[in-house]
Amino acid sequence: MSQLETNGERLPRPQQTRRRWTWAAIALALLTGCLEPQASRLINLWHQMRPEDRAVLNARIEAFERQHPGVKVRALYKETEELRSGLVSAVLARRGPEVIYGPSDVLGVYQAMGALEDMSPYLPPEDLAAFDPRAVIRVPSRDDPARSELVFLGDRFGNHLALVYNKRFIAKAPETTDELVALARQHTVDENGDGVPDRFGIVWNYTEPFFFIPFLTGYGAWVYREPVDDVHAPTPALDTPQAVEAYRFVASLRTEHRVLPPSADYEAARALFLAGKAAMLIDGDWSWQNYLTDENVDAGLAVLPTVSATGLPMAPMVAPKGYSLGSFAQGDQARLAMELIRFLTDAETQKAYLVQQRILPSRLALRVDPLVTGDPLMATSVAQAERGRAMPTDVAMRNVWDAMRPPYQLLLAGQIDAAEAGRRMQRDAIDKNRAMLSRTAADETVVVLYGLGLAAIAALAVFQRHSFTAFFRELRRNRLAYLLVLPAMALMGLTVVYPLAYNVVLSFSNMSLTNLRDWEIIGVKNYASIAAGEHAGQFWGVFLKTLLWTALNVSLHVVLGVLLAVTLHGPVRGKSIYRVLLIIPWAVPAYITALTWRGMFDEQFGAVNHLIRAVSGYLPGFLRLEPLNWLGAAGPAFAACIIANVWLGFPFMMVIALGGLQGIPAELYEAARMDRASRWQQFWHITLPMLKPVLVPAVTLGAVWTFNNLNVVWLVSNGGEPADQTHILVSYVYKAVFNMYQYGYGAALSMVIFLMLLAFSLVFLQRTRATEAVA
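The structure displayed is predicted, hence computed values, not measured ones.

## Focus on the layout of surface pockets
Gaps left between atoms show up when a probe the size of a water molecule is rolled over them. Taken as a whole, the second largest pocket spans an internal volume of roughly 1100 Å³. Lining the second largest pocket are 39 residues, and of these Lys432, Ala435, His535, Ala736 and Met740 sit closest to its centre. If one sorts the elements of the lining of the second largest pocket by residue count, helix α16 (residues 418-437) sits on top with seven residues. Each residue belonging to the lining of the second largest pocket can be placed in one class, and the counts come to eleven nonpolar, 15 polar and 13 charged. Domain assignment of the residues forming the lining of the second largest pocket places at least three in each of domain 3 (161-315 + 395-437) and domain 4 (543-749).

Spelled out as structure tokens, the structure:
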């Protein structure tokens, strides 16, 4: 029929079609309006509020929305790395949050990438005078470094360290480091007489240099040379005589006074103190309330002591948390976002945080509130904050942390001395600053690269012309089939083809933190740097370690998996129960398993060393095993990662092998037994060859997964510790590239890894002829 009836009238088909599209458009518009507030009245807030603080935040947002009818504030929590990567994507897309909340130490990074807007036009000086000056932060403009921009307004002050002590052991907190050492020595006790201390004098998270800063300032040193010579990249001062003395003092607590546990990350230090296994603890204001209210310890809080050798107080870094205006907000949207920032930093909001969470406010008027002056915890927090030094906010500060971390860990492990630690820190900090802030220029290979790209496209068009012709001919003949396949093809293009092509292009570019939008093609410099650059030796060393990691893991996965599969395939009682139990390591999330193994490998209190001690007690003297510092030395830490990954991986191979065993005809084994073949001969000549078609693809997948397995190495070794000595390629790429925001170089590294794995897969499958066997 050429005509249809609608509402009693006969309408032509085109008119009816237009009417349907019109109603569909109206319905879509109404649905969109119901689901999402108008863009001009929506404020997106990306924040890093602690869970216990979000109740106050949500209540204040609701109050703001009541005062501004029609305005909707959408608050979205993001972890530190998630927030940074999200802002990178937002800058590239030119669409992101209007308001950003977090600590001040990342402001230099956010400003360098172009994510922040100047708040000076919205905040007059008389308003800012009500805040602690250290909570009002200006940074150099991206366009004119001589001009500063107001990019941060803090609503709270702190993030600083103080001394927490157990009153059951220590009646009065030490006022000097001499007193601290004496008390620490007194309360480092071997309670059971086995030669290993069961309680330590003092602990802190000494895998992170942030906790070392009070010792550095106490000896008169600082992370940067003063006065600051470059606002973008201040010169590090990590090898000064004062700094070396600070390193030497901290090392003596471990090697000379023996008052520190062999290893202690943040969770281990916290657990030791709460269990009564440490008399003193250095920790931050985010945790003090938990210690003071814990029933298992009688905790007290005190300012950090004065260094006896210098007479200077141990001054921690102090950093406010607060709000920034995103560069994505313009016009009325920016003014509305600033109203929200003023509302969330006003006296009423800060008083709510003070009352409910005992958070030190940034408004000076609230510092004399009875809740502050009359509360011992708050009074100590104010006193410690007044002693502190503002944490630098420049983009290079992250490089300082990364440069300090490995030598600091080696120093506390007794592998290098204080002078060598300072020398390495200074060298690495300068190198990292240069790499992060330098902009690689294009070279003569760019023209060749463009030529090769055009030639490749032309060659593809020529050699595949018959395929293209056949495709379009078939498309005209069978449009419905291609229409049905189109969504899947579009999805593959958006999720596989486009990202891969974009990554290839980026690998030839100089995209980095400072030129996210205006990067350019520079030729093959990134690949040349990988193969023979300044850090090529380190890259190839990590590559060889990755090969060892992959080979050991996959070999053990296959051996254990096939062994267990063959065992369970035989006449075993309760095999169903065993199968379920053996699959559990694979079923449990890798994140939980990795952290569990990390706890089990703790030198002092981990289950692995407890088992070693228990077994050694029954062995003759010459066979007894000594507990290992699993996470504090490179070799044992790498072995710990392998053990954890083998535990996670063998069930997969076991399931694959079990499936393959089901398909082997029983007649083959019967014939072998009639020929008097042994069990080993049956396995070698029947089982293994028949399992090859299923094992080879599984081994290929396992090798690729293991080669790229970031989770286990990162979580068990805590990011490559000790001193970045347990990295495999994928964790090396993550830490060496994304910490310095060298995205072009990182894309080149990822392409190198991709080509390695592609070549391995193709060669391995071809040599083993796995696909032929399956066919």
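Right, picking up where we left off after that structure.
## Quick word on the domain arrangement of the chain
Structurally, the chain comprises domain 1 (2-33), domain 2 (41-157 + 320-387), domain 3 (161-315 + 395-437) and domain 4 (543-749). Contacts between the two partners involve 16 residues from domain 2, matched on the other side by 20 residues from domain 3. The junction of domain 2 with domain 3 conceals about 1400 Å² of combined surface from both sides, 60% of it contributed by carbon and sulfur atoms. Per-residue buried area on domain 2 facing domain 3 is highest for Leu377, Gln384 and Arg387; these three make up 45% of the total on that side. Counting the contacts that link domain 2 with domain 3 gives one salt bridge.

## Observations concerning the pattern of salt bridges
Scanning all chains against the criterion turns up 26 salt bridges. In this structure, the salt-bridge partner of Arg60 is Asp346, at a minimum N-O distance of 3.7 Å. Taken together, the residues span a long stretch of sequence, with Arg60 in helix α2 (residues 54-67) and Asp346 in the loop between α11 (332-344) and α12 (347-357) at a distance of 286 residues. A residue is classified by how much of its surface remains accessible, and Arg60, at 9% relative accessible area, is buried.

## Some details on the sheet that holds strand β9 (residues 200-203)
Taking strand neighbours across the sheet as the criterion, the four strands line up as β9-β10-β8-β11 in an open arrangement whose pairing is mixed. The sheet is open, and its two edges are formed by β9 and β11 (299-302), each paired on a single side. Strand-to-strand, the axes of this sheet are offset by a mean angle of 20°, without reference to chain direction. Both β9 and strand β10 (residues 278-284) contribute to a ladder of three bridges, which runs parallel. Bridge pairing links Phe200 to Ala278 in β10. Each of β8 (161-166), β9, β10 and β11 touches helix α9 (residues 266-274); the most contacted strand, β10, lies at about 135° to it.

## Description of the packing of aromatic side chains
For the structure shown, the criterion picks out 33 aromatic pairs. Between Trp586 and Phe652 the ring centres are 5.5 Å apart and the planes differ by 65°, which places this aromatic pair in the edge-to-face class. You can see Trp586 sitting in helix α22 (residues 575-587) and its partner Phe652 sitting in helix α25 (residues 634-662), a full 66 residues away along the chain. An aromatic cluster of at least three residues, connected via ring pairs, comprises Trp204, Tyr206, Phe212, Phe215, Tyr219, Tyr247, Phe249 and Tyr408.

## Quick notes on the sheet that holds strand β3 (residues 42-47)
Two orientations exist for strands paired in a sheet by backbone hydrogen bonds: parallel and antiparallel. Ordered in space as β4-β3-β5-β13-β7-β6, the six strands form an open sheet in which the pairing is mixed. Edge positions in the open sheet fall to β4 (72-77) and β6 (136-140), since each of these has one partner strand only. Across the sheet, the axes of successive neighbouring strands diverge by a mean angle of 25°, strand direction being ignored. By the bridge criterion, three bridges tie strand β7 (residues 148-156) to strand β13 (residues 321-325) in an arrangement that is antiparallel. Among the inter-strand pairings, Leu153 is bridged to a residue of β13, identified as Tyr323. Each of β3, β4 and β13 touches α2; the most contacted strand, β4, lies at about 165° to it.

## Some points on the pairing of β4
Bridge count between β3 and β4: six bridges; the pairing is parallel. From the neighbouring strand, Ile43 faces β4, where its bridge partner is Val73. In this fold, the crossover linking β3 to β4 by way of α2 has right-handed handedness.

## Concerning the side chain of Asn205
Tracing the backbone shows Asn205 in the loop between β9 and α7 (213-218). Within the local environment of Asn205, its side chain forms a polar contact with the backbone nitrogen of Tyr266, the two atoms lying 3.4 Å apart.

What counts and what doesn't
Residues numbered from 1 in each chain as written. Predicted model: local features only at pLDDT ≥ 70, side-chain atom pairs only at ≥ 80, totals over all residues. Heavy atoms only, no water. 1 Å grid on protein atoms, 1.4 Å probe; cavity = no way out; pocket = protein on both sides within 12 Å on 5 of 7 lines; lining within 4 Å. Points joined across faces, edges and corners; volume = space filled by probe spheres on them. Helix = DSSP H or I, 4+ residues; strand = E, 2+ residues; numbered from the N terminus. Nonpolar A, V, L, I, M, F, W, Y, C, P; charged D, E, K, R; others polar. Domains from an automatic or database assignment. Contact = heavy atoms within 4.5 Å. Buried area = accessible area lost by both parts, 1.4 Å probe. Salt bridge = Lys/Arg side-chain N within 4 Å of Asp/Glu carboxyl O. Buried < 20%, exposed > 50% of the residue type's maximum accessible area, 1.4 Å probe, protein only. Pairing = 2+ DSSP bridges. Axes fitted to C-alpha atoms, helices over the stretch in contact; angles between N-to-C directions. Phe/Tyr/Trp six-rings, centres within 6.5 Å; stacked < 30°, edge-to-face > 60°. Right-handed = clockwise from strand over helix to strand, strands pointing away. Polar contact = N/O pair within 3.5 Å; in protein donor to acceptor, adjacent residues only side chain to side chain.

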